[in-house]
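Secondary and tertiary structure notes
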Amino acid sequence: MSLAAAPDSEAQIPQSQRAALASRIDAARQNLDPARIPDVGAAREELQQAYEQVLAHLDATASPETREGWLEYLGYDALADAIERDAAVAEQGQLAQRIYWRLVRNQSGLERQPLVEFREALDRFISAALFQDAERTVRTVSGQLGQVAELLRETEGPLTAEHTARINRVLEFAAASRLAPELVDQLRATIGNNNARVLVGRELITEIVNRPVNRQTPSDECILGVRIIGQAHLNGAVVADLIPSEGTAAIRLTMAARFDNYGTGYASPVRLKTHGFGNVSASRVLHLGDAGVIAEPVLTCANLDSRILGIEHHLRLVRRIAARRAAEQKDEANRIAETKLEARVSREFAQETDEQIAGGNLLPEEQAGPVFRRLDLSRPTRHWSSSSEYLQLGLRIRAQDQTSTAVAPPAPPVGHDLVVQLQESAIDNPASELLAGRAVTDVELAGFITSIFPGFSPDLLNPRDEADETDEADETGEAEAAADEAQEPSLLEAVEAARDVAEAAREAAETLTADPLTIHFAPLRPVVFEARENTLRLGIRGTRFEQGDQVLEQAMEITALYRPTRSAEGYVTLQREGDVQVNFPGGSERRLGITQIALRRAVIDKLAEAFPPRLLHQPLTLPGAGPGPTGPAGQSVSAAQPAREPLRATRISSGDGWLTVAFDSTDAPLPAPRMLAAD
C-alpha cells in the first residue's frame, strides 16, 4: 500500500469557467442595490420580539431561580439600556456580539428553539448594524467582489485553502449585506462538491453482521389433519453483502440454513415418526439514507422434503393403509410445510430486523444535533451510496455563506476496512464558523473539540516536562535584542545582561503557564489544515493573546508539519517533522520587552502541546456486536460477539487539499515492504 501522495485532481474549475465566473462577478458589481441592505430599525425590532419570546419560554418552563440564572447568563440588560438611550449603533452592535458569543457554547438548553431564534435575531442585528452606512457597504462589497474576480482570473493552479478562505470571507460579507444573493448562489454551486467522505469496507461490514445460525426450537404444526409435534433444528448463517446503489447505501442481509424437524404426527388411530428436512433462506435489503434505515420486504424461499420413519399401530393393515395414504399426500404435505415455514421465517426475520433497525436508526449526526444547534454550526449535507466494495457517505460541510471545494475526492484505495477522506474546507469551514474573530480560552477550545468529536480530549493545559533547547536559544536571542536597547559599556556586561534578561523571562513564563490562555482567533483561517504533497500542516492563527493580566498584541501563526511514516509494527502514523513553527503574518514580528518575551514563550509553549510528535498512532477501537437476525422463534442465534480487533492506519496520503486515511483490523496482513513508496 503506497504512501505516495495522491496526484493532483483535474476536477478543479477550468480556466475558461473561471473567466466566465469572474465576468459574472464584474456584472454583479454593477448592479448592487443598496435597498437590499438590512434595515437596522427592523432588525432591532425583530431582536426585541425574539427576546420577548425567550422571556415567555422561561416563564412557561423554568423555575424562578432558573429563570433569573438564564437572564443573568444572557446579559441582555446592557443592550436593552443602549437601545433605550439611543446609543450609537456601533455600540449596540458590539453589545449584541457579546451576547451572541454567549449563545454559541455547548451549554445544555441553548439548543431550544426560542434561544436559537434569539441568536439568529442577534446575528441579523449585528449585520444590520455593520451595514448601516449603505454607500460605504456597497463600495466595500464591490471592492471585495473585485478581488475575488481578480483571484479567479490570475490563479492558474488549483485553488489553495487560503484562496477558498478569502472567497468565503467575501461571500460571508456579501450574503449578510444581501447585495448579491444570486452571485453568492452561483459561487457556492461552482465550488460546491462534497468535502468529506467516509467509506466502510465490505470486509468490515461482513465482520460486523455475519453470524452463525445454530438452534433448536419446539414445533407444533397441523398439516392435512395431522398434528406434528417435534423439535426443529436450523443450522446455517446470516451474511451481508453490499449492493451498488446511488442515493442510498444498500446492504442485503441473507439467512441461509439447513432445516431438520424430527417429530411425532398424531392422526387417529395412528402415530407417525417423521423427519422433515431441506433448505430455507430469507433475505432483506436495507437502505441507509437521510431518512434513516428503510427495509424492503423479506423474500423467503424453502425447499423441503419428508420421510416417514415409522408408523405406530397394533394392526399391520392399519399401518399399511396409513403408509400408502402418507405416500399419496407427500407432495401436497411438503408444499404446505414449505409455505408454513416460509411464512414463519419471513415474519420473524422481518420482526427481528425491524427491532434492530429501531434500536440503531439514530445516526451519529442526529445524535450530535443538539450540539450543532448550540454551537450554531450548519449540519452537513449527506449523500449515501454503495458499491460492491464500500458503503459510502459523502458529506458537504459548509454554512449558507460558504463554499466547499471544486476538487472531487481521489479514488479511494481498495480493500480496506475503513477509509476517511477530508478536504481542507471540511475543517476550515466549521472552524471559521465557530472561532473566526472570537476570543476563546484554551479550556473552552478543548470543550468545543470534545463536543464535536466525543472521546477526543486535546490537553492544552499541561506544561512541557522539559524545556525545548531551541526555544531557549531563541528566547536568549530575543533577550539579547532587548538588552541592546540599554547602554552597555562592554561586551562582557552585555552578555551578562542578556542572560539575566533570559532568566527573568523564563521565570515569568513559568509563572504564566498556570494561568488560562485566551486566544483571539484570526478572522481568516483561524485553524490551519493543509493537505498537500503528502504532508499535513496543522496550526492555529491568533491576533492577540492574553494570560493573567498580561496581553500580547502580536499576530502569530503556530503550525506543525506532519508526514506519513511507517512504524516498526508496520502501521502508518503521522510523524511531526521538526519543532513547532512560529510565523508572524504580515511582518507583525517586532521587538518586545522582557514581559512580552515571557508571555510569547508561555503562549507558544502552551499551544505547542496541541501538536504532539505523532498523530493517528492509537488504535481505533470498535464496539462488539450484539445478537443479530436469527430465523424462527425469536431466539438469539449466538451470544454477543466479543469486541472486534481494533483498527490501525495502514495508509495515509494527501494531495490537492485532500487527506486520505485507510484503516484495517490489527489482525489483517500487513502490506509487503516492496509496495511502500517510502521504502
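The shown structure was predicted, so the numbers you read here are calculated from the model rather than taken from an experiment.

**Details of the packing of helix α4 (residues 77-84) against helix α5 (residues 89-102)**
Relative to each other, α4 and α5 sit at 165 degrees, their axes nearing to 9 Å. As summarised for this structure, α4 and α5 are arranged roughly antiparallel, according to the angle between their axes. In this structure, α4 crosses over α5, and the sense of that crossing is left-handed. Contacts between α4 and α5 involve Ala-78, Leu-79, Ala-82 and Ile-83 from the first element and Glu-91, Gln-92, Leu-95, Ala-96 and Ile-99 from the second. By residue class, the composition of the contact of α4 with α5 is seven nonpolar, one polar and one charged.

**Overview of the packing of aromatic side chains**
Inspection of the entire model under this criterion finds six aromatic pairs. When the ring of Tyr-76 is compared with that of Phe-118, the centres are 5.9 Å apart and the planes differ by 70 degrees; the resulting orientation is edge-to-face. Here the residue Tyr-76 occupies a position in the loop between α3 (64-74) and α4, and Phe-118 occupies one in helix α6 (residues 113-130), the gap between them amounting to 42 residues. Its relative accessible area of 6% is what places Tyr-76 among the buried residues. Here the aromatic cluster, defined as three or more aromatic residues joined through ring pairs, consists of Tyr-51, Tyr-76 and Phe-118.

**What about the nonpolar core?**
Residues Leu-79, Phe-118 and Leu-122 are the most contacted members of the largest nonpolar core, which totals 76 residues. Apart from residues no more than four positions distant in its own chain, Leu-122 is found in contact with Leu-47, Leu-79, Ala-96, Ile-99, Tyr-100 and Leu-103. Membership of the second largest hydrophobic core comes to 36 residues, among which are Leu-234, Val-345, Trp-384 and Leu-393.

**Some details on the sheet that holds strand β21 (residues 658-665)**
On the basis of which strands lie adjacent, the open sheet formed by seven strands has the order β4-β9-β10-β1-β11-β21-β20 and antiparallel pairing. Of all the strands in the sheet, the pair left with one neighbour each is β4 (245-247) and β20 (647-655). Direction aside, the axes of adjacent strands within the sheet are offset by 15 degrees on average. Sheet topology note: the β4/strand β9 (residues 381-386) ladder contains three bridges and is antiparallel. The residue of β9 that forms the bridge with Gly-247 is Trp-384. Helix α15 (residues 424-435) contacts β1 (196-201) and β11 (418-423) of the sheet and is inclined by roughly 60 degrees relative to β11.

**Quick notes on the pattern of salt bridges**
Following the criterion strictly, the structure yields 33 salt bridges and no others. Note that Arg-532 is salt-bridged to Glu-424, the shortest N-O span being 2.8 Å. Pair noted here: Arg-532 is in strand β14 (residues 527-532) and Glu-424 is in helix α15, with a separation of 108 residues, a long-range link. Across the salt bridge formed by Arg-541 and Glu-557, the nearest N and O atoms sit 2.7 Å from each other.

**Some words on the confidence of the model for the chain**
On average, residues of the chain carry a pLDDT of 82, and 81% of them reach 70 or more. In the predicted structure, residues 1-11 sits below a pLDDT of 50 and forms 36 contacts with residues beyond four places in sequence or in another chain. Contacts for the low-pLDDT stretch residues 625-640, under 50 throughout, to residues beyond four places or in other chains number 54 contacts.

**Focus: the side chain of Arg-44**
Position of Arg-44 relative to the elements: it lies in helix α2 (residues 40-61). Apart from the residues within four sequence positions on either side, Arg-44 is in contact with Ile-83, Val-89, Gln-92 and Phe-125.

What counts and what doesn't
Residues numbered from 1 in each chain as written. Predicted model: local features only at pLDDT ≥ 70, side-chain atom pairs only at ≥ 80, totals over all residues. Heavy atoms only, no water. Axes fitted to C-alpha atoms, helices over the stretch in contact; angles between N-to-C directions. Helix = DSSP H or I, 4+ residues; strand = E, 2+ residues; numbered from the N terminus. Parallel < 35°, antiparallel > 145°, perpendicular 65-115°, else oblique. Left-handed = near helix turned anticlockwise from the far one by under 90°. Contact = heavy atoms within 4.5 Å. Nonpolar A, V, L, I, M, F, W, Y, C, P; charged D, E, K, R; others polar. Phe/Tyr/Trp six-rings, centres within 6.5 Å; stacked < 30°, edge-to-face > 60°. Buried < 20%, exposed > 50% of the residue type's maximum accessible area, 1.4 Å probe, protein only. Core = buried A, V, L, I, M, F, W, Y, C linked by side-chain atoms within 4.5 Å. Pairing = 2+ DSSP bridges. Salt bridge = Lys/Arg side-chain N within 4 Å of Asp/Glu carboxyl O. pLDDT = per-residue confidence, 0-100.

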